[in-house]
Amino acid sequence: MTDLVTAEGHGEHISTHPDMNVVRKTAMWVFLGSECIFFGSLIATFLLYRTETRGGPTAKELFDIPFTSASSFILLMSSLTMVLAHNARERRDPRQLRIWLLATALLGSTFLAGQAFEFTEFAHEGLKLTTSPFASSFYVATGFHGAHVAVGVLMLLALLFMSMSGRLRTGEGMNVELVGLYWHFVDVVWIVIFTVVYLLQV
Amino acid sequence: MAETVVHEPHQHRKHPTPRDYWVIAFILGVITAAEVALSYMDFLGFGGPVLLIIMAIAKFAIVALWFMHLRFDLAVYSRLFVVGIIGAISMFLVVLATFAAL
Amino acid sequence: MATVAEVTEVHAPAPGHKGLWSWITTVDHKRIGILYLWSALLFFIVGGIEALLIRLQLFTPNGEILSADAYNQLFTMHGTTMVFLVVMPLASGFVNYLLPLLLGARDVAFPRLNAFSYWVFFVGGVLLYSSFILGGSPDGGWFGYAPLSTQVPEYVRMDFWAVGLLTLGVASIASSANFIATILTMRAPGMTLMRMPVFVWMTLVISFLLLFSLPTITVGLFQVFFDRNFGTLFYETAAGADPLLWQHLFWLFGHPEVYVLILPAMGIVSEILPVFSRKPLFGYSFVVFSGIAIGFMGFGVWSHHMFTSGMGPVAEAGFAISTMMIAVPTGIKIFNWIGTTWGGRIRLTTPMLYALAFIAMFVIGGLSGVTHSIVPADTQQHDSYYVVAHFHYVLFGGAILGLFAGIYYWYPKMSGRMLSERLGKWQFWITLIGFNLTFLPMHMLGLNGMPRRTYRYDENLGFDLWNAVATIGGFVIALGVLLFVINVIWSRRHGEIAGDDPWDARTLEWATSSPPPEHNFDQVPLVHSRDDFWHRKYTLDAEGFLQQRDEPVGDWIPEADPEHIHMPSPSYYPALTALGMGIVGYGVLYQPAGFIVAAIGALVLMWGAFGWSMEPVTRTPEPMAHDDRHPELEAAAATEEVESE
């Protein structure tokens, strides 16, 4: 009755324990699919209101493309350091892992600092959150992206801490690969925002 | 787990090495530089935005395929993600179209 | 285990399964499911009382019972409650309890995330309902149309609504990702996708619907909240904003949500009809694929809620066509259900009665729905009681009757005892008659021009009779619900002992004891066919007649160490994280001072999340092999992984 050889022609060992890494990545990817719609809504709102400036500053007057490209480049490079961290993890090299995790967190923080600087700059030039629908939708769209980066930095620091205290396990809890997927996703969202919100509006 | 969607045959592609990642990052940097340059070339007219969108798609795809290693992973992940992307793009194109805001 | 031996006693709860703390820290999908079901039942009663107050106010012309303000609060909370705090958690309760059992799994993919979902839902419900004592409940309709919802900043009412729904959204996103991962990766060996019970398929579809529709309303709710609190101009028409954006963002969520509400009931009915017709589901693949088609098309019909907003003929024609088309897969399902009962040996038990009533009532609601796709007709029906009649036929006649069927069907599995059939049949007929008495007249009222959401109407408009009938009907429903509550409570102690398989059913949850042990199955089943459990009990004889096997057969995968099946350990971190979210929610409602509270909440949230990720899933005494401090072990594991690829 419990003859495993009859099992659907598979003669090999049948495991009743799914590969938790696959399970967790599946959940992460559907979550990222869902996040696409989230950022889609924010960007669509921005596109709808991109010209509703109500006499306030317009995108053309405001945006400082060289500055924003520099911070875009920093975020892009944080994806490199993230993937190197993941690679180090795969090679079971804790020292390299910690270096690259720290580098990623630092690059992410630099991007956030750049965004804070940019927002203050714009505010000085007369673009407050309440100036126009354009202003509201710009700040909220890029701000939510910034919030995602901030959450990512927190998770990177948590990973770093877990690695230092020897509590980083495979197969359960947070791990480098999942945080990496989230981090790269935040990066690709910025790729879209950089083009659609910045480059195409100047 | 004998037969599940996630057990499709693995694509036997060679996983990238750290060197490959540096090369990919370099390509991404070059595209970004090209994007910035392009945004100043007003004489391109309608072609400028089209090129910018193509470059953004290229960067997006490179990060997703290599850094997020979709190229080397189970196909079901790509499908789940692509559903989200296509859903977002098509829904919001319709919304913006009803506002005549495209 | 699969033998249908006489069971004379219900299993005592496992040790450590008593007391409030055990419920707060539980990560067992069955107990979380029960928490969902009880909470939903509680909210069902509250939402029902709100409905009764509304009906009392409308009993006579120029009703005096409620003020306009109270009426607005009540109809807003009635809608919000029934959608977000009753039908969704009822479905969630069933999915939680049944999904692993139906798949032959030991638990969902992420037990602690599952507990987190419940507690966030709980916190969201508390947030919404605490508004009644904190300055009045939300009063802008469950759809919160801007700019109505962005005005009157002196009240926090719609802030409660926005924050409450945002919180509930987090719960739904988390559980949807959890369920999808469970279905795609945790099925028992041999359980291919096309062998899954239809209820599981529908769970998969609604999970995708929620994942891809909730983000739009999330963004919309943030915009409304920011408009009200931080002076953003998303919906400020004077500043050039367009409030129609809200309608798009809301209905991009709202219409898929409608299918989120009805598909679980469709899944339940698809499980019940075959059991009580003693026939396999007619056209399984059609039922499955039409469910998927409804899921996809559900994202392409949202603007039929906006036909009167002036979108222009092209958009209106497009959405009219897509709305007519979505009736096709729905119709396919209905014919398949009828085909399932056709020629079957039908047993008219209470669950079966509810399932059959579901089909009939849902057809009425579905047909009146198709009439909305005709743009000129919709323009007449819009905002009238005809619409109210339509969606109550779908949501009460459809979703609630289907969920009642599910409760009667699975209560024996969950409690070990049957619900009283006698009381159940009384309840069924009373509810069905009351339901039609309440909502059938609303078609007439609507076509005669009675508008929705008005707290009183004048006499001599021809509305008096049908309003009186509807109110009487409402109280008849209340009587039915009262009988149901009595039945549930009474049967808990005095119901007939159910045994493992009281209905002679077809799916795997009946292969284990009632209620199932914490680990669900002593041995994981090896699945060979659709309705595997049925085939373990029955076979066909030489002439093709159904023949009960002398003894049930079936493959089980032997457990290496049956004494020590590792189940996830209880954890209070999910509840703590949810509590943090709740504190943040209350904090942002009362800024600027509340920001301090919100900051404290954020710290609690991070504490919970961090503790959660540091805590092992199962507390085992063995040392952890995968550890950074043992790179040589890790390297060995790595080579193994590479080789196995």
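Residue positions are given per chain, counting from 1 as you read along its sequence in written order. Written order decides the labels, with chains lettered from A and ligands numbered from 1. Reporting in this predicted model follows two pLDDT cut-offs: at least 70 for local features of residues, and 80 or more for side-chain atom pairs to be given and counted; totals over whole chains, interfaces and linings ignore these cut-offs and use all residues. Only hydrogens and water are removed before side-chain values are computed, so all heavy atoms of the structure are retained for them.

A. Just the overall build of chain A, in detail. Across its full length, chain A holds six helices and zero strands. By the criteria applied, helices consist of DSSP H or I runs no shorter than four residues and strands consist of E runs no shorter than two, each listed in order from the N terminus. Listed by position from the N terminus, the elements making up chain A come as α-α-α-α-α-α. Any two residues having at least one pair of non-hydrogen atoms within 4.5 Å are treated as being in contact. Considering only contacts in chain A between residues 6 or more positions apart, those separated by 24 or more positions represent 80%. Note on areas: Shrake-Rupley, 1.4 Å probe, and residue coverage restricted to the protein chains presented here. Of the roughly 6,900 Å² that chain A leaves accessible, carbon and sulfur atoms contribute 64%.

B. Structural detail: a nonpolar patch on the surface. On the surface, a cluster of nonpolar side chains totalling about 710 Å² of accessible area is made up of Met41, Phe43, Leu44, Phe46, Val50, Leu51 and Ile54 of chain B. By relative accessible area, leucine 51 of chain B is classed as partly exposed at 38%. In this scheme, patches are assembled from residues that exceed 30% relative accessible area and form no salt bridge. Like charges are connected within 9 Å, while nonpolar side chains (Val, Leu, Ile, Met, Phe, Trp, Tyr) are connected within 5 Å. Salt bridges are defined by distance alone: a side-chain nitrogen of Lys or Arg within 4 Å of a carboxyl oxygen of Asp or Glu. Burial here depends on accessible area, computed with a 1.4 Å probe over protein chains only, as a share of the maximum for the residue type. Under 20% is buried, over 50% is exposed, and the range in between is partly exposed.

C. Molecular detail of the side chain of serine 136 of chain A. You can see serine 136 of chain A is positioned in helix H5 (residues 133-164). Serine 136 of chain A gets classed as buried once you look at its relative accessible area, which sits at 0%. Here a polar contact is recorded for every N or O atom pair within 3.5 Å, except that within protein the pair must consist of a potential hydrogen donor and a potential acceptor, and residues adjacent in sequence are included only if both atoms are side-chain atoms. Within the local environment of serine 136 of chain A, its side chain forms a polar contact with the backbone nitrogen of leucine 233 of chain C, the two atoms lying 3.0 Å apart. Dropping the residues within four chain positions of it, serine 136 of chain A is found in contact with Leu129 of chain A together with Thr232, Leu233 and Phe234 of chain C.

D. The arrangement of the environment of aspartate 64 of chain A in detail. Along the chain, aspartate 64 of chain A falls in the loop between helix H2 (59-62) and helix H3 (65-90). Along the chain, aspartate 64 of chain A and tyrosine 198 of chain A lie 134 residues apart, while their C-alpha atoms are 8.9 Å from each other.

E. Seen up close, the packing of aromatic side chains. Centres within 6.5 Å make a pair out of two Phe, Tyr or Trp rings, where for Trp the six-membered ring is used; the pair is then stacked when the planes are under 30 degrees apart, edge-to-face when over 60, and tilted otherwise. Under the defined criterion, the tally for this structure stands at 78 aromatic pairs over all chains. With centroids separated by 5.9 Å and ring planes inclined at 80°, the aromatic side chains of phenylalanine 138 of chain A and tyrosine 198 of chain A adopt a geometry described as edge-to-face. Linking phenylalanine 138 of chain A in helix H5 with tyrosine 198 of chain A in helix H6 (residues 176-198), this pair joins segments that are 60 residues apart in sequence. When its relative accessible area of 0% is taken as the criterion, tyrosine 198 of chain A is described as buried. Centroid distance phenylalanine 222 of chain C to phenylalanine 226 of chain C: 5.8 Å. Interplanar angle 40°. Geometry classified as tilted.

F. Highlighting the interface of chain B and chain C. Listed by partner, the interface residues are 17 residues for chain B and 23 residues for chain C. Take the accessible area each of two parts loses on contact, using a 1.4 Å probe, and add the two losses: that sum is the buried area. Summed over both partners, the interface of chain B with chain C buries about 1,700 Å², with 77% contributed by carbon and sulfur atoms. Taken together, chain B and chain C are joined by zero salt bridges. Amino acids are sorted into nonpolar (Ala, Val, Leu, Ile, Met, Phe, Trp, Tyr, Cys and Pro), charged (Asp, Glu, Lys and Arg) and polar (every other residue, Gly among them). Among the residues making up the side of chain B that touches chain C, the classes are represented as 12 nonpolar, four polar and one charged.

G. Structural detail: the side chain of threonine 81 of chain C. Here threonine 81 of chain C shows up in helix H3 (residues 68-103). A distance of 2.6 Å separates a polar atom in the side chain of threonine 81 of chain C from a polar atom in the side chain of tyrosine 129 of chain C.

H. Geometry of the pattern of salt bridges. Residues and elements named next belong to chain C. Evaluation of the coordinates by the stated rule reveals 17 salt bridges over all chains. Here glutamate 421 and lysine 425 are joined by a salt bridge, their closest N and O atoms 3.7 Å apart. Here the residue glutamate 421 and the residue lysine 425 both occupy positions in helix H13 (residues 421-447), the gap between them amounting to four residues, near one helical turn. Residue glutamate 421 is classed as partly exposed on the basis of its relative accessible area of 25%. Within this structure, Arg278, Asp501, Asp504 and Lys537 form a network of salt bridges that share partners.

I. Expanded view of the confidence of the model for chain B. Residues and elements named next belong to chain B. Per-residue confidence for chain B gives a mean pLDDT of 85; residues scoring 70 or more make up 85%. A residue's pLDDT is the predictor's confidence in that residue, given on a scale from 0 to 100. Summarising per-element confidence for chain B, the mean pLDDT is lowest in helix H3 (residues 75-98) (92) and highest in helix H1 (residues 18-39) (94). pLDDT under 50 marks residues 1-11. Its contacts with residues more than four places away, or in other chains, come to 36 contacts.

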